[in-house]
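This is what each chain is made of:
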Amino acid sequence: MKLLAQELPSPRAIQETPPPATKDPLIARNLQKEQYVGIIGLAIALIAAVGFFSRRVEYAIIFAVILSAILIAFLLFV
């Protein structure tokens, strides 16, 4: 019961300490460009591989990707 009766410190008295400046070797930094290039390369390779077997499926995949990009851009800006 004694804990409930204690007063909380004011919000100005609570200071947030910044994180230490040490670099964590487990966190990958500045790899986003390479990841995007790799993902786009895999997507192009997948469309090309599917297109090798069936043109209709290739056109369907390209249409779906373009339509998805348009919908995502529309929903992000609305």
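Residues numbered from 1 in each chain as written. Predicted model: local features only at pLDDT ≥ 70, side-chain atom pairs only at ≥ 80, totals over all residues. Heavy atoms only, no water.

**Looking at the overall build of the protein chain**
A tally of helices and strands in the protein chain yields three helices and zero strands. Going residue by residue from the N terminus, the α and β elements of the protein chain occur as α-α-α. Of all 78 residues assigned to the protein chain, the portion counted as buried reaches 4%. (Helix = DSSP H or I, 4+ residues; strand = E, 2+ residues; numbered from the N terminus. Buried < 20%, exposed > 50% of the residue type's maximum accessible area, 1.4 Å probe, protein only.)

**Some thoughts on the pattern of salt bridges**
One pass over the structure, following the stated rule, counts one salt bridge. Here Arg55 makes a salt bridge to Glu58, at a shortest N to O gap of 2.8 Å. In this pair, Arg55 and Glu58 are both assigned in helix 3 (residues 55–77), three residues apart and thus about one turn of the helix distant. (Salt bridge = Lys/Arg side-chain N within 4 Å of Asp/Glu carboxyl O.)

**Looking at helix 2 (residues 32–53)**
Here helix 2 is 22 residues long and its end C-alpha atoms lie 32 Å apart, about the 32 Å a rise of 1.5 Å per residue gives. Counted residue by residue, helix 2 has two buried out of 22 residues, so it is predominantly exposed. (Expected span 1.5 Å × (residues − 1).)

**Digging into helix 3**
If you check helix 3, its first and last C-alpha atoms are 33 Å apart, about what 23 residues at 1.5 Å a residue would give, namely 33 Å. With a side-chain oxygen positioned 3.4 Å from the backbone nitrogen of Val57, the residue opening helix 3 is Ser54. (Polar contact = N/O pair within 3.5 Å; in protein donor to acceptor, adjacent residues only side chain to side chain.)

**Digging into the packing of aromatic side chains**
Under the defined criterion, the tally for this structure stands at one aromatic pair. Ring centres 5.3 Å apart and planes at 80 degrees place the aromatic pair Phe52 and Phe53 in the edge-to-face group. Both residues of the pair, Phe52 and Phe53, count as exposed. (Phe/Tyr/Trp six-rings, centres within 6.5 Å; stacked < 30°, edge-to-face > 60°.)

**Some points on the confidence of the model for the protein chain**
Within the protein chain, residue pLDDT values average 80, and 78% of them lie at 70 or more. Predicted confidence in the protein chain is weakest over helix 1 (residues 2–5), with a mean pLDDT of 59, and strongest over helix 3, with 90. (pLDDT = per-residue confidence, 0-100.)

**Some thoughts on the environment of Gly51**
Mapped onto the elements of the fold, Gly51 is located in helix 2. Take Gly51: its relative accessible area is 9%, and that puts it in the buried class. When the C-alpha positions of Gly51 and Ile61 are compared, they lie 9.4 Å apart, and in sequence the two are ten residues distant.

**A closer look at the side chain of Glu58**
Residue Glu58 is classed as buried on the basis of its relative accessible area of 11%. Beyond its immediate stretch of four places on either side in the chain, Glu58 contacts Ile47, Val50 and Gly51. (Contact = heavy atoms within 4.5 Å.)

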